[in-house]
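A structural walkthrough
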Amino acid sequence: MTTFIILFILSVILYVMYLRYFPIKGIPCIDISSDQLEKTKTKLDIRDYNTSSKQEVDGSIVMPIAYLRRYHHEIPSKEVHVIAADKMEKNLAIRFLRNKGFKVISYTLTNCKCKKKSNQIA
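Every value quoted in this text rests on a predicted model; they were computed, and no experiment measured them.

Now for the overall build of the protein chain. Helices and strands together make up the secondary structure of the protein chain, namely five helices and six strands. By principal-axis analysis of the C-alpha atoms, the protein chain measures approximately 55 × 35 × 25 Å. Across the protein chain, the fraction of contacts at a sequence separation of at least 24, relative to all contacts at a separation of at least 6, is 68%. By element, 57% of the accessible surface of the protein chain is carried by carbon and sulfur atoms, the whole surface being about 8100 Å².

A separate point is the packing of aromatic side chains. The way to describe two aromatic rings as a pair is by their centre distance and the angle between their planes. Counted according to the given criterion, the structure contains three aromatic pairs. Positioned above the aromatic ring of Y107, the side-chain terminus of K90 is 4.6 Å from the ring centre. The ring of Y18 has R95 sitting right over it, with the charged end atom 4.3 Å from the ring centre.

If you trace the backbone, D45 turns up in strand β2 (residues 43-45). Under the relative-accessibility criterion, D45 is labelled buried at 1%. One polar contact links D45 to R47, side chain to side chain, over a distance of 2.7 Å. In this structure, D45 is in contact with S52, S60, I61, V62, M63, P64 and I83, ignoring residues within four places of it in sequence.

With respect to burial, strand β5 (residues 103-109) is a largely interior element, five of its seven residues being buried. In terms of strand pairing, strand β4 (residues 79-84) meets β5 through six bridges, oriented parallel. Its bridge partner lying in β5, V82 is registered against Y107. Each parallel crossover has a hand, and the one from β4 via helix α5 (residues 87-99) to β5 is right-handed.

The feature "transmembrane region" (unreviewed entry), as annotated in UniProt, sits at residues 6-22 in this numbering. Structurally, residues 6-22 is divided into 94% helix and 0% strand, and its ends, taken at the C-alpha atoms, are 23 Å apart.

Residues L44, L68, I75, V80, V82, L97 and V104 are the most contacted members of the largest nonpolar core, which totals 20 residues. Where this core is concerned, the elements lending two or more residues are β4, α5 and β5. With four residues, α5 is the single largest residue contributor to this core. Leaving out residues up to four positions away in the same chain, V104 has contacts with I27, V80, V82, I94 and L97.

The next point concerns the confidence of the model for the protein chain. For any part of a model where pLDDT is low, the fine detail of the predicted coordinates should not be relied upon. Summarising the model, the protein chain shows a mean pLDDT of 87, and 92% of its residues fall at 70 or more. Below pLDDT 50 for its whole length, residues 117-122 participates in 22 contacts with residues either more than four positions away or in separate chains.

Turning our eyes to something else, we now look at the pattern of salt bridges. Across all of its chains, the model carries one salt bridge by this definition. The partner of R47 in a salt bridge is D45, and the shortest N-O contact between them spans 2.7 Å. The pair R47 / D45 is uniform in exposure class, with both members buried.

Here is what the cut-offs are and how they apply
- Residues numbered from 1 in each chain as written.
- Predicted model: local features only at pLDDT ≥ 70, side-chain atom pairs only at ≥ 80, totals over all residues.
- Heavy atoms only, no water.
- Helix = DSSP H or I, 4+ residues; strand = E, 2+ residues; numbered from the N terminus.
- Contact = heavy atoms within 4.5 Å.
- Areas by Shrake-Rupley, 256 points an atom, 1.4 Å probe, with all protein chains shown as cover.
- Phe/Tyr/Trp six-rings, centres within 6.5 Å; stacked < 30°, edge-to-face > 60°.
- Lys NZ or Arg CZ within 6 Å of the ring centre and 35° of its normal.
- Buried < 20%, exposed > 50% of the residue type's maximum accessible area, 1.4 Å probe, protein only.
- Polar contact = N/O pair within 3.5 Å; in protein donor to acceptor, adjacent residues only side chain to side chain.
- Pairing = 2+ DSSP bridges.
- Right-handed = clockwise from strand over helix to strand, strands pointing away.
- UniProt positions renumbered as here; feature names shortened; annotations may be inferred.
- Core = buried A, V, L, I, M, F, W, Y, C linked by side-chain atoms within 4.5 Å.
- pLDDT = per-residue confidence, 0-100.
- Salt bridge = Lys/Arg side-chain N within 4 Å of Asp/Glu carboxyl O.

If you want it as structure tokens, here you go:
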């Protein structure tokens with residue numbers, strides 16, 4: 001019985017770590033100042049209000065990740081570009097949006113220290 005409980009707890013911990021930290025492959029990272037971002041129809045900014053108000057992205061829908069579950073039905077298009085502060089926030093949002101039937105075509109990390117951001121796939 002204790003082995004079962006230990007395995008259950010371990011599997012829950014591994015699942016939570018997978019959701020937060022395991023990278024999502026096949027979605028390109030686009031620089032926030034890129035021309036490709038301007039062509040994107042729906043830009044979804046999932047950063048906190050305090051962060052997104054300091055560095056606003058023109059034409060984006062500001063919906064912090066904490067509000068995504070409640071208001072995802074208000075996103076006008078099924079194809080979205082995600083603007084996130086860090087990798088963990090990006091992973092959680094993309095997995096949630098995919099689960100709800102959205103197609104995430106690209107993303108931007110505003111706190112990314114990468115030198116090459118233009119067409120990075122990670």
